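Residue-level structural notes
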Amino acid sequence: MKTNLKNYQRFSLFLILVFVTESLIMLIFHFVWEALHLPALIEAAADALLLMIVIMPIAYLTLYRPMALNMSFKEALIRGIPFGMDIIDKEGNILYTSPRLEAVLGKDLLGKKCWEVYRDNKTQCADCPLLKNNIDLERSGMIESSEILGGRVFQINHTPITYQGRKAVMEIFQDVSERKAAEEKARVFQAAIKQIADIVVMTDKDGVIEYVNPAFTRQTGYSSDEAVGRTSRILKSGRQDEIFYAKLWKTILQGRVFHSTVINKKKSGELYYSEKIITPIKDDSGNITHFISTDRDVTERKKTEEELARANAELRELDKQKSEFINMSSHELRTPVAIIKESLSQLADGLCGEFTLEQKRFLDISLRNINRLIRVMDNIFDISEIDFSQTFLKKEEVDIVELARRVIADSRPQAKNRGIELKESFSREKITLNADKKRLNQLLANLIDNAVKFSEKGYVEVKINDNGQTVECGVLDTGSGIPEEDIPKLFNKFRQFDKKPGPGDRGVGLGLALCKGIVKLHNGEIWAESKLGEGSKFTFVLPKAEK
Amino acid sequence: MEKKRILLVDDEEEFLYLIKNRLENNGYAVATAADGKEALALLSREKFDAVLLDILMPRMNGIETLKAIRAENKSLPVFMLTAYSDSINFSLANDFGASGYIVKTSDLQKEIENVNAVLRIADRYKPQER
């Protein structure tokens, strides 16, 4: 027996069954009674008994059982529904509260006004159906109300019902606070993605586009309709090869984030640089369901980078050209000079016959000045070589003590000529450092020659100290000293002071600049101290080991 | 004692003349070549104890000539001649197996004495011939 028949239908069915059954039985009894000749009273009693026996199961099956099932269904519904339920009258008085509501708010709600119980501010909901005219009471509806039971948001369904004989409204309360909060969060995120300047593209696990944000349209020219349902191949510029895409898919299918700069093509055909990050989105089981790709237009940045690279390349080329020019000039000057020197040298050495003393003197003058010329050229070209970053040092382990002693030995003739004593104030113990031997030689020679050159009398002393990680070398002289204001400019190029007339080389003021250049190339320091009338001290410190 | 033979290679004719003079004055027998190709041809025909090789030459420069020489002979003393004073060429020459480096503007008598020293040492290690 189906229990969803309405009550009146059930009752009608019951009556029909009773009538039919009763008629049949009466008919049978009548013939039996006739045959057995039983008195009419007994017939009536038997009849009534039979009626009862017949009615009971039929009544049970058609009326009671469905009702009972119906009843428990109703009760179960009321008890089981996860929402609070009440019934209010037209004035808002609470007539009935469901067990669940009672459990939360207590049993003494009856008679109180609905909004006084539920609303934080005790006022009616803005769109309360009771506020409108009666017509709305006939209709089911739903309102949303906040500030309920402590600031929560509820969805209130109301349905017209007749309760205890009067028109009433059944209210079902659903706490949607969490859902509201989540909706708000989602709304904020959506707005963010809509408004974000970066392009956001979401695809399914096969790369088919499901969503693109407005920034995508702005950048690529493809509208949302044009993009959704297609793949990011629409942006393919052809600048990335198949290996690139293979690597891309391999990375993201493994669940890893892919990060690269690519060249994409807009709808207009224009190319642009894009910094792309693709992130796989996984579900709770770890399966990839979507990919999210953010793109950033870095065309400007790339342009700047490329321009910078171009400028650098141009500068390097210029550098190289200058350097080649210097080298060629160097060669073109030095070759004839070498020839002149050798020619004069052979004459002076007597390889082409003997000369008179007077003739020899002229030869010597020429030779000395050729050598001077060579030293000047050396300085100029060395300095320019050091300037133009082409120079690299040929570093090896050099014993600076031995080197210094040799330089001093070379300078002794000149010192002797000027009446200057050359002192060695260092032990003969080896002190090795990692340096370019030729440059170190130049450095010492320059300093010592300078010291000798600018002293009229007295001595030039060379000190060398081993300071563990570094080597310190000092060249002292007892010359006329250097004015304090000149000291800062000492190591500049093309500076020459103390133009005292007298014998000896003047140079072009490059010697100290060269010294500084050499020291700097070795990551060292050089400085000068001086007292007018007493003398000067030039010191340099070099690290022993290569950094 | 037999004179040591030196092959002099330089495209500057006047320089060749001067150096040859000085070398002969130092007791060497000197043959000259104006470029790398000529030098290699001479080397294949005659025996030399040392080569003085200019770096900057037309057609085949000193470094290339050095490489070619070294391909045939790893032990022949080869000194690079140069007007340059920079260290880059020096390293280059060293990398390709030059035995030494002579700057043309230096004191050439001293430089030749260095060559003497090198050749004397080379003598000591020469395998006995015949």
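Remember, predicted model here, so these are calculated numbers, not experimental data.

This part takes up the overall build of chain B. Counting its secondary structure elements, chain B contains five helices and five strands. Along chain B, helices (α) and strands (β) appear in the sequence β-α-β-α-β-α-β-α-β-α when read from the amino end. Across the 130 residues that make up chain B, the buried fraction comes to 51%. Considering only contacts in chain B between residues 6 or more positions apart, those separated by 24 or more positions represent 60%.

If you look at the interface, chain B gives 24 residues, while chain A gives 27 residues. Here chain B packs against chain A, burying approximately 2,300 Å² in sum over the two surfaces, 55% of which is carbon and sulfur. Here chain B and chain A share two salt bridges between them. Across the pair A:Asp349 and B:Arg22 runs a salt bridge whose closest N-O atoms are separated by 3.1 Å.

As a further point, take the packing of helix H12 (residues 437-453) of chain A against helix H13 (residues 511-521) of chain A. A pair of packed helices is characterised by two quantities: the angle between their axes and the separation of those axes. Residues and elements named next belong to chain A. Two numbers describe how H12 lies on H13: the axes approach to 9 Å, and their chain directions differ by 145°. Here H12 and H13 pass one another in a crossing that is left-handed. Facing H12, whose interface residues are Arg 439, Gln 442, Leu 443, Asn 446, Leu 447 and Asn 450, H13 presents Gly 511, Leu 512, Leu 514, Cys 515, Ile 518 and Val 519. Looking at the contact of H12 with H13 residue by residue, the class counts come to seven nonpolar, four polar and one charged.

A few words on the packing of helix H1 (residues 13-25) of chain B against helix H5 (residues 108-124) of chain B. Residues and elements named next belong to chain B. Contact geometry of H1 with H5 gives a least axis separation of 11 Å together with a crossing angle of 60°. When the interaxial angle is binned, H1 and H5 end up oblique. The interaxial crossing formed by H1 with H5 has right-handed handedness. Contact residues: Phe 15, Ile 19, Arg 22 and Leu 23 in H1; Leu 108, Gln 109 and Ile 112 in H5. The residue makeup of the contact of H1 with H5, split by class, is five nonpolar, one polar and one charged.

Strand pairs in the sheet, formed through backbone hydrogen bonds, run parallel or antiparallel to each other. Residues and elements named next belong to chain B. Within the open sheet, the five strands sit side by side as E2-E1-E3-E4-E5. Their pairing is parallel. For this open sheet the edge positions go to strand E2 (28-33) and strand E5 (100-103), each flanked by a neighbour on one side alone. On average, each strand axis in the sheet is tilted by 25° relative to the strand beside it, whichever way the strands run. As judged from the four bridges shared by strand E4 (residues 78-82) and E5, these two strands associate in the parallel manner. Bridged to Thr 82 within E5 is Val 103. Contacts from H1 reach strand E1 (4-9), E2, strand E3 (50-54) and E4 within the one sheet, and its direction differs from that of E2 by about 165°.

Looking now at the side chain of A:Thr335. Positionally, A:Thr335 belongs in helix H9 (residues 299-348). Excluding residues within four positions of it along the chain, A:Thr335 makes contact with B:Glu12 and B:Ala83.

Attention now moves to helix H1 (residues 7-36) of chain A. All names here are of chain A. Between the first and last C-alpha of H1 there are 42 Å, a value that for 30 residues agrees with the 44 Å anticipated at 1.5 Å per step. Taken together, the buried positions of H1 are Arg 10, Phe 14, Val 18, Glu 22, Ile 25, Phe 29 and Trp 33. Where the residues of H1 are buried, they touch helix H2 (40-80). Backbone geometry just downstream of H1 places His 37 in the positive-phi region, at approximately 55°.

Turning to a nonpolar patch on the surface, a few remarks are in order. Residues and elements named next belong to chain A. Nonpolar side chains collect at one region of the surface, where Leu 27, Ile 28, Phe 31, Val 32, Leu 36, Leu 38, Leu 41 and Ile 42 lie side by side and expose about 810 Å² of accessible area between them. Counting only elements with at least two residues in the nonpolar patch, the list comes to H1 and H2. For Ile 42, a relative accessible area of 42% translates into the label partly exposed.

Inspection of every chain in the model, using the stated rule, returns 31 salt bridges over all chains. One salt bridge connects B:Asp54 with B:Lys104, and the closest N-O pair in it is separated by 3.3 Å. Here B:Lys104 lies in the loop between E5 and H5 and B:Asp54 lies in strand E3, a separation of 50 residues in the sequence. In this structure, B:Asp54 and B:Lys104 share a single accessibility class: buried. Through salt bridges that share partners, A:Glu144, A:Arg179, A:Lys180 and A:Glu183 make up one connected network.

Residues and elements named next belong to chain A. The final tally for this structure, using the stated rule, is four cavities of 30 Å³ or more. Space inside the second largest cavity adds up to approximately 100 Å³. Lining the second largest cavity are 14 residues, with Cys 114, Cys 125, Ile 143, Ile 156 and Glu 171 sitting closest to its centre. Ranked by the residues each element gives to the lining of the second largest cavity, the list is headed by helix H4 (residues 114-118), at three residues.

When pLDDT is averaged across chain B, the result is 86; 90% of the residues are at 70 or more. Model confidence for the complex is summarised by a pTM of 0.42, with the ipTM given as 0.86.

About the criteria used
- Residues numbered from 1 in each chain as written.
- Chains lettered and ligands numbered in written order.
- Predicted model: local features only at pLDDT ≥ 70, side-chain atom pairs only at ≥ 80, totals over all residues.
- Heavy atoms only, no water.
- Helix = DSSP H or I, 4+ residues; strand = E, 2+ residues; numbered from the N terminus.
- Buried < 20%, exposed > 50% of the residue type's maximum accessible area, 1.4 Å probe, protein only.
- Contact = heavy atoms within 4.5 Å.
- Buried area = accessible area lost by both parts, 1.4 Å probe.
- Salt bridge = Lys/Arg side-chain N within 4 Å of Asp/Glu carboxyl O.
- Axes fitted to C-alpha atoms, helices over the stretch in contact; angles between N-to-C directions.
- Left-handed = near helix turned anticlockwise from the far one by under 90°.
- Nonpolar A, V, L, I, M, F, W, Y, C, P; charged D, E, K, R; others polar.
- Parallel < 35°, antiparallel > 145°, perpendicular 65-115°, else oblique.
- Pairing = 2+ DSSP bridges.
- Expected span 1.5 Å × (residues − 1).
- Patch = residues over 30% accessible without salt bridge, like charges linked within 9 Å, V, L, I, M, F, W, Y side chains within 5 Å.
- Areas by Shrake-Rupley, 256 points an atom, 1.4 Å probe, with all protein chains shown as cover.
- 1 Å grid on protein atoms, 1.4 Å probe; cavity = no way out; pocket = protein on both sides within 12 Å on 5 of 7 lines; lining within 4 Å.
- Points joined across faces, edges and corners; volume = space filled by probe spheres on them.
- pLDDT = per-residue confidence, 0-100.

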